[in-house]
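# Summary of the model geometry
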Amino acid sequence: MKVRSLKKDKYNVITLGCSKNLVDSEVLMGQLQANEFDVAHDSEKDDANIIIVNTCGFIDNAKQESIDTILRYADAKEAGAIDKLYVTGCLSQRYKDSLEEEIPQVDAYFGTLELPQLLKTLEADYKHELIGERLITTPKHYAYFKIAEGCNRPCSFCAIPLMRGKHVDRPMESLVAEATRLANMGTKELILIAQDLTYYGLQHYGERKLAELLQRLSDVNGIEWIRMQYAYPSQFPMDALDVMVERDNICKYLDMPLQHISDNMLKTMRRGISKRRTLELVDTIRQRVPDIALRTTLIAGHPGETQQDFEEMYQWVEETRFDRLGIFTYSHEENTHSHTLEDNVPDEVKQERADAIMELQQGISMEMNEAKVGNTYKVLFDRKESGYFVGRTQYDSPEVDNEVLVPAESTYVRLGDFAHVKITDSSDFDLYGEVVTSTQESQRHLASTAISE
């Protein structure tokens, strides 16, 4: 039997799933740190004796990853490698009773809104004065910025309301205060997230307030980019586009998951919008913001999707030419309306349809990137990897979109800085370029290097 020496507990928070989960982990870690706990995030070291797994329960693959992670640490606990194992997040919210029965090695399970209970179990004080503060796990120059929790949309396929509850806005004053704190810590880019950004304001203020929120965040000194993700198409607040045009620090970028285009599927999915209105919406957005980058997400193989429905979606993607696009195969989620329908599209057909859409999008992306060669873009640099400084334009979100690669052997760029980059080459999902205007810090570094040589 392994015997542990008496030493201070060390916590490792493991985050699975989306950026909204990441923010929850950052808030948890901020509370733990304020209680003087020794806490790390996704640490690969084996020195933590208490593990907290923040799970995802969105679709089958995500649920399986969460279960596999819990089991791995449950085995580690039985082997004496860790002392305590706690589970929180969406999977725990949705399947707590089953998990307690199937994986009893876990010391306690907590739902998505049970942070105070989790802290109490850890013998940590829930510090109300820290609301809105967190321990950032991303590179300090950008941060995910959750403006609301939960969702009121009735989409037939989605289990998010089962795990996250009804839509709840964060007060605007609290968001502006948090943005100011982040800016003072060196954050330059805010990536606005929620289950539905466009609903912001209706719950707290009785009217849509996304445009006003954008204006107020745009006024925060030090915030150079504001990016919008997860916008719902039905009743989209067009005044948000006006702010995008007016303010230089609001990225010409919009992530709007449209899911499908055939009226048959939009009705079955309970999306609250028709094909005609979707086409009009995309056209209007592009007219108002001509240089906008549109990202969307689609679903292949939802119950009732015919070959004709799929071909209609394929033709639409071909004609619309989204700047960025992702696609999921349908996951049959319990307690959703879609689960009452027959899951009648075979898995192999779902995958074939998804692959066909992505192959189409790869070609579209390649053509769009080739058209960028010779142009110059403002780029924010995130990391250095494999001999390149790697950054993004305003048209790209971290981890999911295109990147700009600049050879490190001939150029120095300080991570977290902006530079103007002339694009010299392209591939299907990447751009290659050379810095033509760098920051003063980068220029000083190059000058000192030249002198020393």
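Residues numbered from 1 in each chain as written. Predicted model: local features only at pLDDT ≥ 70, side-chain atom pairs only at ≥ 80, totals over all residues. Heavy atoms only, no water.

As annotated in an unreviewed UniProt entry, the chain carries the name Ribosomal protein uS12 methylthiotransferase RimO and comes from Rufibacter quisquiliarum. Word for word, the UniProt comment on the chain under Subcellular location (unreviewed entry) is "Cytoplasm". (UniProt positions renumbered as here; feature names shortened; annotations may be inferred.)

What follows is about the domain arrangement of the chain. By the assigned domains, the chain splits into domain 1 (10–129), domain 2 (138–364) and domain 3 (375–439). Centre-to-centre separation of domain 2 and domain 3, based on C-alpha positions: 26 Å. Listed by partner, the interface residues are 20 residues for domain 2 and 19 residues for domain 3. On inspection of domain 2 and its partner domain 3, the count reaches five salt bridges. Our count for the domain 2 to domain 3 interface comes out at 15 residue pairs in polar contact (both at pLDDT 80 or more). Taken together, the elements giving at least two residues each to the side of domain 2 that touches domain 3 come down to strand S6 (142–146), strand S9 (189–193), strand S10 (225–228), strand S11 (250–255) and strand S12 (293–300). (Domains from an automatic or database assignment. Contact = heavy atoms within 4.5 Å. Salt bridge = Lys/Arg side-chain N within 4 Å of Asp/Glu carboxyl O. Polar contact = N/O pair within 3.5 Å; in protein donor to acceptor, adjacent residues only side chain to side chain. Helix = DSSP H or I, 4+ residues; strand = E, 2+ residues; numbered from the N terminus.)

What follows is about the layout of surface pockets. In this structure, the second largest pocket spans a volume of roughly 810 Å³. Here the lining of the second largest pocket gets six residues from one element, more than from any other, and that element is helix H1 (residues 19–34). Looking at the lining of the second largest pocket residue by residue, the class counts come to 15 nonpolar, nine polar and 11 charged. Looking at the lining of the second largest pocket, you find at least three residues from each of domain 1 (10–129) and domain 2 (138–364). (1 Å grid on protein atoms, 1.4 Å probe; cavity = no way out; pocket = protein on both sides within 12 Å on 5 of 7 lines; lining within 4 Å. Points joined across faces, edges and corners; volume = space filled by probe spheres on them. Nonpolar A, V, L, I, M, F, W, Y, C, P; charged D, E, K, R; others polar.)

Examined against the element boundaries, Thr112 turns out to sit in the loop between strand S5 (108–109) and helix H4 (115–121). Here Met163 takes part through its backbone oxygen, which lies 2.8 Å from a polar atom of the side chain of Thr112. Apart from residues no more than four positions distant in its own chain, Thr112 is found in contact with Gly89, Cys90, Gln93, Met163 and Arg164.

Bringing the confidence of the model for the chain into the picture now. Caution is warranted with low-pLDDT regions, since their predicted coordinates should not be read in detail. With 95% of its residues at a pLDDT of 70 or more, the chain shows a mean pLDDT of 92. Scored below 50 in pLDDT, residues 1–5 shows seven contacts in the model against residues more than four places distant or in partner chains. With pLDDT under 50 throughout, residues 440–453 is counted as low confidence; its partners more than four residues away or in other chains account for nine contacts. (pLDDT = per-residue confidence, 0-100.)

A few words on unusual backbone geometry. For Asp42, which is not glycine, the phi torsion reads 50 degrees and is therefore positive. For Asp42, the position within the fold is in the loop between strand S2 (38–41) and strand S3 (50–55). Asp42 gets classed as partly exposed once you look at its relative accessible area, which sits at 36%. Its identity as a non-glycine residue notwithstanding, Gln259 has a phi of 75 degrees, on the positive side. Along the polypeptide, Gln259 turns up in the loop between S11 and helix H9 (263–268). Of the residues examined, Gln259 reaches a relative accessible area of 10% and is grouped as buried. (Buried < 20%, exposed > 50% of the residue type's maximum accessible area, 1.4 Å probe, protein only.)

All right, on to the sheet that holds strand S18 (residues 430–437) then. Within the closed barrel, the five strands sit side by side as S14-S15-S16-S18-S17. Their pairing is mixed. Strand-to-strand, the axes of this sheet are offset by a mean angle of 55 degrees, without reference to chain direction. Both strand S16 (residues 403–407) and S18 contribute to a ladder of three bridges, which runs parallel. Counted as the bridge partner of Leu405 is Tyr432 from S18. (Pairing = 2+ DSSP bridges. Axes fitted to C-alpha atoms, helices over the stretch in contact; angles between N-to-C directions.)

Before going further, it helps to examine the UniProt feature "domain: Radical SAM core" (unreviewed entry) in the chain. Within this numbering scheme, the UniProt entry marks residues 137–367 as carrying the feature "domain: Radical SAM core" (unreviewed entry). Between the first and last C-alpha atoms of residues 137–367 the distance is 35 Å; the span itself is 39% helix and 16% strand.

Its place among the elements puts Arg170 in the loop between strand S8 (168–169) and helix H6 (172–184). At 3.2 Å, the side chain of Arg170 forms a polar contact with the backbone oxygen of Lys146. Separated by 2.6 Å, the side chains of Arg170 and Glu178 make a polar contact.

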